[in-house]
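What follows is each chain in one-letter form.
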Amino acid sequence: MPLQRIPEAQLRQARELIAAAERVLVFTGSGVSAESGVPTFRGEHGLWRSFRPEELATPEAFARDPKLVWEWYGWRRSTLRSCRPNPGHLALARWMASRSGVTLVTQNVDGLHEAAARAVAPPSSARGGGAAPIKLHGSILVDRCSRCAYRREIGGAESAPPPCPECGALLRPDVVWFGEPLPEREWSRAIAAASRAEVALVVGTSALVYPAAGVVYHAAARGASIVVVDPDATAVDRHAHILLRGPAGAVLPDLLR
Ligand code: BJW
Ligand code: ZN
C-alpha cells in the first residue's frame, strides 16, 4: 500500500501535545535507522528473516561458536560504517538541543542518535549536543570481555574474537543478547523517565521485545499520552493517543520542526 501523507490536523494535534509537555520520553527502535540503511530485525527485510536469533544473538550461541557470532557482528559493523544519521535522527537531535525535559531511550545499538547529536551541536558548543541517549541494548561499536569488566571501542578487523588483555577470556560485542539482563542503571533511568513523562513519543519499534517494550507500557500506565511514529502496526498502537503512520525520516522533521 503506498504511504499516505499524514493529515495536517493529526500532526498539529501531536505537535501541540508535545509542546505543552514539560517532560517527554522518546523511545526508539531500529525503524528510526531504516532510512540510514540499517536493517530492522523483524518485518520483510529484517535481520531475523535471514538469520536465526538463537544461533547468533544469545550467550549460548557465543559459547557454542564464538567465531560465527563474531563474524556476523563483524559483517554488521562493516555495513554500519557507511551509514549516516537520517533526517529523522537529525530532527530529533536538533529538537532535543533546543528544549529541555526530553529523555531519549533507545533499543538501538548503532550509535546513530549520538552521531546526530554531534552533527547538530558539536561537543565544543554550549549545549554539548544534548544529553546522551539511554541505551537499553548496549552498543555494537564497543567490545566487552565475556568474563570481566574490560571494554574497548571496536578497533581492527580481527577474524575471531580476541582474548581480553586483562583476563584472557574472549571479547564479545557489548550488546544485550536474548536471555541476558538489561544494564541496571540504564533500565532504572528509563523507568524513571517513563514515570515522569507527560508524553511518550514511540518511534520505529515493533515493541515486541521485553523488558524494553515495558518502558512504553509503564509510561502509559503512569498517564503519559502515547504518540506512535511507524509506517506499520505495532504492539503499542492500542495505547496510542495519536498514530502517525509514516517513515521516521519524513514524519519527525515535520512533527518536531
Ligand atoms: C520504521 C521504518 C521507518 C520500518 N521509520 N519506523 C516476556 C514475554 C515473552 C518473552 C520475554 C518476555 N520477557 C523477556 C522475554 C524474552 C526476550 C524477549 O523479549 N523475547 C521476545 C522476542 C518475545 N527478552 C530477552 O531475552 C531480554 N532479556 C531478558 O528478558 O532477560 C531476563 C533476565 C533477567 C535476569 C537475568 C538474566 C536474564 C533481552 C532482549 C535483548 C534483545 N536484543 C536484540 C539484539 C541486540 C543486539 C544486536 O543488535 O545484535 O535487540 S533483539 C532486537 O530486537 C534488538 C532490538 O533492539 C530489539 C527490538 O527490535 P525493534 O527495534 O523493535 O525492531 P523490529 O524489527 O522488531 O521493529 C522495527 C519497527 O520499525 C517496525 O515496527 C517497523 O514497522 C518500523 N519501521 N521502517 C519508522 N522508516
Ligand atoms: Zn576480561
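Rules of the game
- Residues numbered from 1 in each chain as written.
- Chains lettered and ligands numbered in written order.
- Predicted model: local features only at pLDDT ≥ 70, side-chain atom pairs only at ≥ 80, totals over all residues.
- Heavy atoms only, no water.
- Donors = N, O, S within 2.8 Å, 3.2 Å for Na, K, Ca; no water.
- Tetrahedral: all angles 85-135°; square planar, octahedral: opposite > 155°, others 65-115°.
- Helix = DSSP H or I, 4+ residues; strand = E, 2+ residues; numbered from the N terminus.
- Buried < 20%, exposed > 50% of the residue type's maximum accessible area, 1.4 Å probe, protein only.
- Pairing = 2+ DSSP bridges.
- Right-handed = clockwise from strand over helix to strand, strands pointing away.
- Near = heavy atom within 4 Å.
- Areas by Shrake-Rupley, 256 points an atom, 1.4 Å probe, with all protein chains shown as cover.
- Expected span 1.5 Å × (residues − 1).
- Arc of directions from axis to C-beta.
- Contact = heavy atoms within 4.5 Å.

## Here we look at the coordination of the zinc ion (ligand 2)
Note on the zinc ion (ligand 2): its protein donors are C145 (SG), C148 (SG), C164 (SG) and C167 (SG). The metal-donor distances range over 2.2 to 2.4 Å. Coordination geometry of the zinc ion (ligand 2): the 4 donor atoms subtend angles of 98 to 119° at the metal centre, consistent with an arrangement described as tetrahedral. Counting residues between consecutive donors of the zinc ion (ligand 2) along the chain gives the motif C-x2-C-x15-C-x2-C. In this pair, C148 sits in the loop between β4 (138–145) and β5 (151–153) while C167 sits in the loop between β5 and β6 (171–175), placing the two residues 19 residues apart along the sequence. C167 sits in the partly exposed class, given a relative accessible area of 29%.

## Some remarks on the pairing of strand β8 (residues 225–229)
Extensive coverage of β8 is indicated by the burial of 5 of its 5 residues. Residues S225, V227 and V229 point to one face of β8 and I226 and V228 to the other, with burial holding for every one of them. Sheet topology note: the strand β7 (residues 199–203)/β8 ladder contains 5 bridges and is parallel. Of the residues in β8, the one forming a bridge with V202 is V228. Each parallel crossover has a hand, and for β7 linked through helix α9 (residues 214–221) to β8 it is right-handed. Summarising the sheet, β8 and strand β9 (residues 242–244) pair through 3 bridges and their orientation is parallel. Note that in β9 the partner of V228 across the bridge is L243.

## Thoughts on the site of ligand 1
Around ligand 1 lies a shell of 32 residues, among which R42, Y73, T205, S206 and D230 are the nearest. Burial of ligand 1 by the protein amounts to 73% of the accessible area it has alone, namely 1500 Å².

## Observations concerning helix α8 (residues 184–196)
Its 13 residues give α8 an end-to-end C-alpha distance of 19 Å, which sits within 8% of 18 Å, the value for a rise of 1.5 Å per residue. For α8, the set of buried residues is A190, I191, A193 and A194. Axial view of α8: buried residues confined to an arc of 160°, hence all on one face. Facing away from the buried side of α8 by over 90 degrees, the exposed positions are E184 and R185. Tucked inside the fold, the buried residues of α8 contact β1 (24–28), β2 (102–106), β3 (134–135) and α9.

Honestly, that's just the spatial picture; any functional story needs more than this.
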